[in-house]
Amino acid sequence: MSALLRQTSRRIRALLPILSSLALVLFSLAPVGLPHFDSVGPAFALMAVFYWSIFRSDLMTMLGAFAIGLLLDLLSGGPIGLNALVLVLAHELGVSQRRVFLGSSFLVNWAAFALVIGVVLPICWLLMSLLHWELLPMLPLMTQLLLSLALYPVIYWMLSRLERRWLRASVTA
Amino acid sequence: MARRSGRSAWIAAPFRALLQRFAFLLLLATAIGLVLVSRIDRPLVERARALVADIVEPVLSTVAQPVAAVNAAVGWVDDILFVHEENFRLRTENARLLQWQEVARRLEQDNAALRRLLAAGPDLSQTYVTGRVIADGGGSFVRTALLNVGAKDGIRKGQAVIGEGGYVGRVAEVGQRAARILLLTDLNSRLPVMLQDGGHRAVLAGDNSPFPRLEYLSGAAKPAIGMQVVTSGDGGQFPANIPVGEIVEIEGGVRVRPLVDLGRLGFLRVMQFDETRIDAEDPAAQVLPLAPPPKGQ
């Protein structure tokens, strides 16, 4: 019985990376109106997927990242597939470099995140500009980039607390 | 996970890597394919979105409530920081509005008298359904909002959505319990408008920036900063003369600042407008505007 309980608990904890990302997706959709600000919010889902792709890539699979992006697309009203593309790209960048980041300090991780959003968000902008066949304004993109960069330490701290508390090495997929 | 023997792992590892690479490319291609499909097959996408919005609506509604409280607190701090500026602005506005109140009263009497002369029927008043914004686009490529009212409340696609002060957007997708609003600043928003002075028609085109562009304005029109822009009612989806914004830029393209602060949307009203009820060309059936005058008067 207790073995079964332990196993169930482990299964649920193994879902934490996905669940925490979903929670951040919902949070990023919340109508937080900052005064004197356009309605651009930071890319929370991107932060979560990037974090988990480095630290628990076994629990945050590429398909998981894709599904989270798809949900965000369906809920945010943008073209479907755009966020899925972003998150799959971020996941791939995270996983491919994870050996470099795993032992390094937070500052290195932060710089890597800056690089990833610096690559991924402009790709999005280019794709959207191509789709609409006009150069879209850059200001919302820059705002989102800077906001995401500024808030990454907070999300990093929260997710690393979550990981340390609930996801020790024993929890595997 | 069971431990593999050394040999099978030796074979499996490259195979897994290959599979991983293949999956990555496949998912990338799927995502790009979906982007293209969502541009082509809109009805399918709308149905999918409405379905997901209906399912997630209770969660989003729950999340939106504490967020609204936080917003109110932030707004309160903001109000305190700008209290002097705001006070000055309100004083001058109040003085101006008092003059307009006089004008409005006189016009109301004139209007009633003229209506009696014409034996015209009373104004067809609009009814509204009020909803709370439970989610916004959040990204840098869309300007939308999700309302917690839907088809069961009488919301239909294309209806106008009004915020505090004027036009906000139109209903783009409707689920049973939730509706998506396309804000007038969104890239896909095209709103038939006219200048309040002179009635010159134009199209207000969103481009994701805070100030949408005024396009197809006739050459005879002379746009000036501070001029009011209202809906023209062309297209028959909603009535004319809903206040939309004021012109803030005329050099290098005319740009309009929306009257409603789109960054802080709380409760919105959806206008229940049935175009079969009134003939848009019938002046007696039009709603009398009571929009603020252009600045500088």
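Our structure's up above, just so we're on the same page.
Source: prediction; values computed, not measured.

Attention now goes to the interface of chain A and chain B. The partner chain B presents 51 residues to the 47 residues of chain A that form the contact. Carbon and sulfur atoms make up 68% of the surface buried where chain A meets chain B, a total of about 4300 Å² over both sides. If you look at where chain A meets chain B, you find 1 salt bridge. Of the charged contacts, one joins A:Glu92 and B:Arg21 as a salt bridge, the two residues approaching to 2.8 Å between their closest N and O atoms. For the pair chain A and chain B, the number of links is 10 residue pairs in polar contact (both at pLDDT 80 or more). For the side of chain A that touches chain B, the secondary structure elements donating two or more residues are helix H2 (16–29), helix H4 (62–76), helix H5 (82–96), helix H7 (106–132) and helix H8 (139–166) of chain A.

So, about the sheet that holds strand E2 (residues 144–147) of chain B. Residue and element names in this part refer to chain B. Overall, antiparallel pairing links the 6 strands, which are arranged E1-E2-E5-E4-E3-E12 in a closed barrel. Direction aside, the axes of adjacent strands within the sheet are offset by 45 degrees on average. With 2 bridges connecting them, strand E3 (residues 160–163) and strand E12 (residues 267–272) associate as antiparallel partners. Bridged to Val161 within E12 is Val270. Relative to the sheet, helix H2 (residues 42–81) contacts strand E1 (127–136), E2, strand E4 (166–174) and strand E5 (179–183), its axis offset from that of E1 by approximately 80 degrees.

As a further point, take the pairing of strand E7 (residues 201–205) of chain B. Residue and element names in this part refer to chain B. With 5 bridges joining them, strand E6 (residues 190–195) and E7 adopt antiparallel strand pairing. Its bridge partner being in E7, Val193 is matched across the sheet by Ala202. Here E6 folds back onto E7 in antiparallel fashion, the turn holding 5 residues, of which Gly198 has a positive phi close to 100 degrees.

Our next topic: a nonpolar patch on the surface. A grouping of B:Trp76, B:Val77, B:Ile80, B:Leu81 and B:Phe82 is seen on the molecular surface, where their side chains present a nonpolar patch of about 530 Å² in accessible area. Structurally, B:Phe82 can be placed in the loop between H2 and helix H3 (83–118).

The next point concerns empty space enclosed by the protein. Residue and element names in this part refer to chain B. Applying the stated rule across the entire model yields 3 cavities of 30 Å³ or more. Roughly 40 Å³ of volume is contained in the second largest cavity. Every residue along the wall of the second largest cavity is listed here: Arg49, Ala50, Ala53, Leu146, Glu173, Val174, Gly175, Ala178, Ala179 and Arg180. Counting only elements with at least two residues in the lining of the second largest cavity, the list comes to H2, E4 and E5. Take the lining of the second largest cavity: its biggest share by element is 3 residues, from H2. Each residue belonging to the lining of the second largest cavity can be placed in one class, and the counts come to 6 nonpolar, 1 polar and 3 charged.

The subject of this paragraph is the nonpolar core. Counting residues in each nonpolar core, the largest one holds 72 residues, and the members touching the most others are A:Leu46, A:Phe50, A:Leu87, B:Leu60 and B:Phe141. Ranked by residues supplied to this core, first place goes to helix H3 (residues 44–55) of chain A with 11 residues. With 38 residues, the next largest nonpolar core counts B:Ile181, B:Leu183, B:Phe238 and B:Met271 among its residues.

Moving on, we get to the packing of aromatic side chains. Residue and element names in this part refer to chain A. Tallied over the entire structure, the rule returns 12 aromatic pairs over all chains. Between Phe27 and Phe44 the ring centres are 5.4 Å apart and the planes differ by 55 degrees, which places this aromatic pair in the tilted class. One end of the pair, Phe27, is in helix H2; the other, Phe44, is in helix H3, and 17 residues separate them in sequence. You can call Phe27 partly exposed: its relative accessible area is 40%. Here the aromatic rings of Tyr51 and Phe55 are separated by 4.6 Å at their centres, their planes lie at 35 degrees, and the arrangement is tilted. On the criterion of helical spacing, the pair formed by Tyr51 and Phe55 is a turn pair, its members being 4 residues apart in helix H3. Phe55 matches Tyr51 in its accessibility class, with the two residues each being buried. Ring-pair connections join several aromatic residues into one group, and the members of that group are Phe50, Tyr51, Trp52, Phe55, Phe106, Trp110, Phe113, Tyr152 and Tyr156.

Moving on: H2(B). All names here are of chain B. Taking 1.5 Å of rise per residue, 40 residues should cover 58 Å, yet H2 covers just 45 Å from first to last C-alpha, more than 12% shy of that figure. Of all the bends in H2, the greatest, near 55 degrees, is centred on Val56, and the proline Pro58 appears no more than four residues after it. Of the residues flanking the start of H2, the one acting as N-cap is Asp41, its side-chain oxygen 3.3 Å from the backbone nitrogen of Leu44.

So, about the pattern of salt bridges. Evaluation of the coordinates by the stated rule reveals 14 salt bridges over all chains. In the salt-bridge network here, residues are joined through shared partners; they are B:Asp207, B:Arg213, B:Glu215 and B:Arg255.

Further remarks concern the side chain of B:Thr144. In this fold, B:Thr144 is placed in strand E2. For B:Thr144, a relative accessible area of 4% corresponds to the buried category. Here the side chain of B:Thr144 touches A:Ser76 through a polar contact of 2.9 Å, landing on its backbone oxygen. Reaching out from B:Thr144, the side chain makes a polar contact with the side chain of B:Arg180 at a distance of 3.2 Å.

Now for the sheet that holds strand E10 (residues 243–249) of chain B. The 6 strands are arranged E6-E7-E8-E11-E10-E9 (chain B) in a closed barrel whose pairing can be described as antiparallel. Recorded for the sheet is a direction-independent mean angle of 45 degrees between the axes of neighbouring strands.

Time to look at the environment of A:Val86. Residues and elements named next belong to chain A. Residue placement: Val86 occurs in helix H5. Among the residues examined, Val86 registers a relative accessible area of 5% and is labelled buried. Note: C-alpha distance between Val86 and Ala65 (21 residues apart in sequence) is 9.1 Å. Excluding its chain neighbours within four sequence positions, the residues that come into contact with Val86 are Leu46, Val120 and Cys124.

How each quantity is defined
- Position numbers for residues count from 1 along each chain, tracking the sequence in the order it is written.
- Chain labels run from A onward and ligand labels from 1 onward, assigned in the order the entries are written.
- The model is predicted, so local features are restricted to residues of pLDDT at least 70 and side-chain atom pairs to those at 80 or more, both for listing and for counting; the totals for chains, interfaces and linings are taken over all residues.
- Side-chain metrics rest on all non-hydrogen atoms present in the structure, leaving aside hydrogens and water.
- In this analysis, two residues are considered to be in contact whenever any of their non-hydrogen atoms come within 4.5 Å of each other.
- Throughout, buried area stands for the accessible area (probe radius 1.4 Å) lost by two parts on being put together, summed over both.
- Each reported salt bridge corresponds to a side-chain nitrogen of Lys or Arg within 4 Å of a carboxyl oxygen of Asp or Glu.
- Here a polar contact is taken to be a pair of N or O atoms separated by no more than 3.5 Å, where protein atoms must pair a possible hydrogen donor with a possible acceptor and residues adjacent in sequence count only if both atoms sit in side chains.
- Numbered from the N terminus, helices here are DSSP runs of H or I no shorter than four residues, and strands are runs of E no shorter than two.
- Two strands form a pair only when DSSP identifies at least two bridges running between them.
- Fitting a line to C-alpha atoms yields each axis, with helices limited to the stretch in contact; the angle taken between N-to-C directions then spans 0 to 180 degrees.
- What makes a patch is a set of residues exposed beyond 30% relative accessible area and free of salt bridges, joined within 9 Å when like-charged and within 5 Å when nonpolar (Val, Leu, Ile, Met, Phe, Trp, Tyr).
- Note on areas: these come from Shrake-Rupley sampling with a 1.4 Å probe, and a residue is covered only by the protein chains present in the view.
- Lining residues are defined by having an atom within 4 Å of a point belonging to a cavity or pocket. Those points lie on a 1 Å grid over the protein atoms alone, cavities being sets where a 1.4 Å probe fits but cannot get out and pockets being open sets with protein on both sides within 12 Å along at least five of seven lines.
- Grid points are joined across faces, edges and corners, and a volume is the space filled by probe spheres set on the points.
- Each residue receives one of three labels: charged for Asp, Glu, Lys and Arg, nonpolar for Ala, Val, Leu, Ile, Met, Phe, Trp, Tyr, Cys and Pro, and polar for the others, Gly being one of them.
- Definition of nonpolar core: a set of buried residues of the types Ala, Val, Leu, Ile, Met, Phe, Trp, Tyr and Cys, connected through side-chain atoms within 4.5 Å.
- Only protein chains enter the area calculation, which uses a 1.4 Å probe; residues under 20% of their type maximum are buried, those over 50% are exposed, and those in between are partly exposed.
- Stacked, tilted and edge-to-face are the three classes assigned to paired rings of Phe, Tyr and Trp, where Trp is represented by its six-membered ring and a pair needs centres within 6.5 Å; plane angles under 30 degrees give stacked, over 60 edge-to-face, the rest tilted.
- Here the expected length of a helix is defined as 1.5 Å per residue gap, with one fewer gap than residues.
- Axes are fitted to the seven residues ending at a residue and to the seven starting at it; the angle between these axes is taken as the bend at that residue.

It is worth stressing that arrangement in space is one thing and function is another; only the former is reported here.
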